[in-house]
Structure formats: structure tokens, C-alpha cells
Amino acid sequence: MKSVALITEYNPFHNGHLYHAQTAKKLTQADVSIAIMSGNFVMRGMPAMFNKFQRARMALAGVDLVVELPLIGALSASDYFARMGVRLADYLAADALCFGSESGDIDALQQIATQLLTLEDTPSFQRAIKQGKSYARIVSEHLDDSVLREPNNILGIAYLKQLQALNSNITPYTIQRHETHHHEQQMNHTSLASGSAIRQALVDGNPAWQQMVPKANRPLFDQPFNDQARLFDSLRLTVFQQDAAALREIYTMTEGFEHRLIKVMQTATSYDDLMQKLKTKRYTYTHIQRLLMNVLLNIKYQDVTDDIQVARVLAMNSQGQAYLKWLKQVAPERQMITNVNQNNAAFIQNEIKATRIYNVLTQQSQNDFNTPVYIQSK
């Protein structure tokens, strides 16, 4: 069976995602589409607005199989996010990987990916990193290309870099993004809007979001989480329980930032106030937010691995079921977790912990043990 992988967040799943999924399957002539989706915490460094079980069900409006991206990948910057996604796509024997981009030109993006890999291997690049220069600044000094200023292009190039670095047999494709921009906050189209705009509409109680998502999914858009006060209180409790030495071990903590975090947390009065006081010229808001989630979840550098030992399946339709049966025949050594139990839980400890903490924040009860894989009826 021919398959196409989509590395996604679906926070939440909307009509733009549906277009991407349908077009990807047609473009690659795949029999099955696989969404490799972030779990309960997403790349922008926040809890997902809806839990991973709801979002996996939403995704079946456009894909056949939903598999969870490991938490370490979900709470990493683009290169490691891409690395984990590509490795999982390889593990699932995907034939193709299809992503959205502002460019829409796969050859141009491939060329930039090759240039970046070459640059990263130079002594001057390594010296600049040791001197404390940001990756973006170093790249801007060597490559003058407007393509690298667009968020979907940047992530797409990260996928292409990982495919090249891993010598993967997966064939990449890209679909040009239309109508809306990644961070656009307004709904300027009758049926398409960015995830940011839809999340804001849900927070504001603006019913316009309903036109931006598949109709069948609308009942799943209940209990959206956006409680920054609860998140801030949980972060304060977590930080105050640890000393600088313990915080220094947290994944993505660098260069004494743990001391700044402890000091700022003592005077911060809200999540927004915390972010304003933590912000520096070197670190973006997104980087700091991801770091805070790693603190909240106690994810340490020693926990970081790009080894894929299992695939955690969240949802599937009949075509997705057929693909898993086929995969079991051609690669019986690859383990698919559809229902979590004490025997396989050790493989996804981070994801189980993240779900438990997410439930504390959201006051929900669906967890990895009481929520079996969702199988969509015909």
C-alpha cells in the first residue's frame, strides 16, 4: 500500500488542513494518508486547545491514520521537530511526505535545504554558534533569500534537511499555502482561516469559526482550553519546587537562564507578565514558551532521544486499519500501540505524563489508559 505522511499539529483541524490532506493524497496517488500529530502540548509551547484524542478524531475528516508525534519532538524547534516527524514517517514505512509552504516550489526548497546543510558543516558556522549567535542570524549572514522568512517554508526546509541527513527513501512534496497566513489573526475568507484566527474566535466566543472547520467536526469543538491563570499557577508551583541545579537539567535550558527564571517568577503576576519579563533579544517568545512547558513536564536533557521504538496510534478509519495490517505483514518487528497497558506503557512514558498534567490543567479525564484507539465506523 502506498502512503503519504503529513507532520501536523491540528490545533485545531480546519478546512485548510482538510484541503492539504485531500490534495496530498491525490498528488502522491497514495492509498492511505498518515497524520503524525503533536499530542497534548504543541510546538508553539502551549497546551493544545483540545486534547489529542479529540484532535485525532477531528483529523479523520481528512486522513486515514493518526499517530502521535513523540513529546520531545513536539516541544522542540523546527529541526528537531522535523527530525522526529521524519523518523516516525520512516518507521511507518511512508512513501511520501507532503507539507504546506508559502513557496510551493519543492526544487527551490530542496536547494536551500542542501545549502543549509553545507553551511552547518563549516567551521565558521560552528564558531558563530559557540560565540552565541542565533541560528537565524548566522543563516541571514550567509544566505540572502526571502523564502527563509516564511514560517511554513522554514518548517518545510527543516523536513527536507532531515530527509537528506537521514538518507531517507521518502519522496517529498509540497503544496502552496493559499488565502491565509500562518499567524493571521483575522478571518478574511469565507471558509479558510489560520489556526491562530480560529483559536482566537473560540476564545472570543465568535461563532465565525464554525465556517472554517468541517461541519461534521463542530460537535468536537467543546471545552477549548485557554486558562492562562491556571497554567501560570502550575508553572509557579513547579519552578518554586526546584533549585537552579535541577532547572539547569531541563531540556532547552541554556546559559544560566534558570537563574533568570527563578528570579522573574518571584515577581511575575500573570502568564503574560512572566513572558514579558523573561523575554530577551536572544530568545523568541516561542522558544521561552517551549522551555516553560519542558519545565512544567520535567523533561530533561537526558530524556532526549530521536530513537523511534514504537508508534502510538490515536485514531484510524478502515483504510488506516488496512494499512496497519499490511505494515504488520511487511515489517512485523515494528510495534504499533493502539491500546496502552502496563506492558507497553514504558515506551511512551513522556506522553502518558504529559496527558496526566494536561488533564490537571484542563480538568479533563481522558488519558492514555482509559481511551483506546478511536476507530471510525463506515
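Residues numbered from 1 in each chain as written. Predicted model: local features only at pLDDT ≥ 70, side-chain atom pairs only at ≥ 80, totals over all residues. Heavy atoms only, no water.

*Asks:* Where do I start with the overall build of the protein in this structure?
*Replies:* Looking only at helices and strands, the protein has 16 helices and 10 strands in total. Taken over C-alpha atoms, the radius of gyration comes to 20 Å for the protein, in line with the 21 Å a tight globule of 378 residues would show. Counting only C-alpha atoms and orienting by the principal axes, one finds that the protein spans roughly 55 × 50 × 50 Å. Looking at the protein as a whole, 51% of its 378 residues are labelled buried. (Helix = DSSP H or I, 4+ residues; strand = E, 2+ residues; numbered from the N terminus. Rg over C-alpha atoms; globule rule 2.2 N^0.38 Å. Buried < 20%, exposed > 50% of the residue type's maximum accessible area, 1.4 Å probe, protein only.)

*Asks:* Looking at this model, I keep getting lost on the domain arrangement of the protein. Mind explaining?
*Replies:* How big an interface is tends to be stated in terms of the accessible area lost upon association of its parts. Assigned domains within the protein: domain 1 (3-102 + 212-224 + 305-375) and domain 2 (228-303). Between domain 1 and domain 2, the residue contacts involve 20 residues of the former and 16 residues of the latter. Regarding the contact of domain 1 and domain 2, the summed buried area is about 1,600 Å², with carbon and sulfur atoms giving 64% of it. By the criterion of area lost to domain 2, the three top residues of domain 1 are M46, L75 and L361, representing 32% of everything that side buries. Put simply, domain 1 and domain 2 have zero salt bridges between them. Taken together, domain 1 and domain 2 are joined by seven residue pairs in polar contact (both at pLDDT 80 or more). Those elements giving two or more residues to the side of domain 1 that touches domain 2 turn out to be strand 4 (46-47), helix 3 (71-74) and helix 16 (349-362). No other element matches the six residues that helix 16 contributes to the side of domain 1 that touches domain 2. Within the side of domain 1 that touches domain 2, the residues separate by chemical class into 13 nonpolar, five polar and two charged. (Domains from an automatic or database assignment. Contact = heavy atoms within 4.5 Å. Buried area = accessible area lost by both parts, 1.4 Å probe. Salt bridge = Lys/Arg side-chain N within 4 Å of Asp/Glu carboxyl O. Polar contact = N/O pair within 3.5 Å; in protein donor to acceptor, adjacent residues only side chain to side chain. Nonpolar A, V, L, I, M, F, W, Y, C, P; charged D, E, K, R; others polar.)

*Asks:* Explain the packing of helix 10 (residues 228-240) against helix 13 (residues 271-278) here, please?
*Replies:* At a closest axis distance of 8 Å, the pairing of helix 10 and helix 13 adopts a crossing angle of 60°. With respect to their mutual orientation, helix 10 and helix 13 come out oblique. Facing Q228, L231, F232 and L235 of helix 10, the residues of helix 13 in contact are Y271, D272 and L274. Of the residues in the contact of helix 10 with helix 13, the class split is five nonpolar, one polar and one charged. (Axes fitted to C-alpha atoms, helices over the stretch in contact; angles between N-to-C directions. Parallel < 35°, antiparallel > 145°, perpendicular 65-115°, else oblique.)

*Asks:* Honestly, the environment of L166 in this entry has me stumped. Any pointers?
*Replies:* Topologically, L166 is positioned in the loop between helix 8 (151-165) and strand 7 (171-176). For L166, a relative accessible area of 21% gives the class partly exposed. Taking C-alpha positions, L166 is 41 Å from F240, a pair spaced 74 residues apart along the chain.

*Asks:* Whenever I open this one, the nonpolar core confuses me. Can you help?
*Replies:* Burial of nonpolar side chains together is a common tendency in soluble globular proteins. Counting residues in hydrophobic clusters, the biggest one holds 85 residues, and the most contacted among them are I36, F41 and L292. At eight residues, helix 4 (residues 78-91) tops the list of elements feeding residues into this core. Two domains each provide a minimum of three residues to this core, namely domain 1 (3-102 + 212-224 + 305-375) and domain 2 (228-303). Sequence-distant contacts of F41, that is, excluding residues within four places in its chain, are made with M46, P47, A48, L71, A74, L75, M293, L296, L297, A354, Y358 and L361. Core analysis: the second largest hydrophobic core is formed by 34 residues, A35, I198, A201 and M212 among them. (Core = buried A, V, L, I, M, F, W, Y, C linked by side-chain atoms within 4.5 Å.)

*Asks:* Sorry, what's going on with the pairing of strand 2 (residues 32-37) here?
*Replies:* Working note: regular strand, side chains alternate between the two faces of the sheet. Burial within strand 2 is extensive, with six of its six residues counted as buried. Inspection of the sheet shows strand 1 (residues 3-8) paired to strand 2 by six bridges, in the parallel sense. Opposite A5, over in strand 2, you have I34 as the bridge partner. As defined by bridge partners, strand 2 adjoins strand 5 (residues 65-68) across four bridges and the pair is classed as parallel. In the strand pairing of strand 5, A35 is matched with V66. (Pairing = 2+ DSSP bridges.)

*Asks:* I keep staring at the pattern of salt bridges and nothing clicks. Help me out?
*Replies:* Opposite charge on two side chains makes pairing possible when the charged atoms of those side chains draw close. Considering all chains together, one arrives at 13 salt bridges under this definition. The partner of E258 in a salt bridge is R248, and the shortest N-O contact between them spans 2.8 Å. Placement of E258 in helix 12 (residues 257-265) and of R248 in helix 11 (residues 244-248) is noted, with a sequence separation of 10 residues between them. A relative accessible area of 3% means that E258 is categorised as buried.

*Asks:* How should the packing of aromatic side chains be read in this particular structure?
*Replies:* For any pair of aromatic rings, the description consists of the separation of the ring centres together with the inter-plane angle of the planes. The tally for this structure, following the rule as stated, stands at nine aromatic pairs. Consider the rings of Y323 and W326, whose centres lie 5.2 Å apart with planes at 35°: the pair is tilted. Of this pair, Y323 and W326 both sit in helix 15 (residues 318-330), three residues apart, which is roughly one turn of the helix. Counting every residue linked through ring pairs, the aromatic cluster contains F41, F225 and Y358. Directly above the aromatic system of Y285 lies the positively charged group of K279, at a separation of 5.7 Å from the ring centroid. The positively charged end of R334 is found above the aromatic ring belonging to Y91, 5.9 Å away from the centroid. (Phe/Tyr/Trp six-rings, centres within 6.5 Å; stacked < 30°, edge-to-face > 60°. Lys NZ or Arg CZ within 6 Å of the ring centre and 35° of its normal.)

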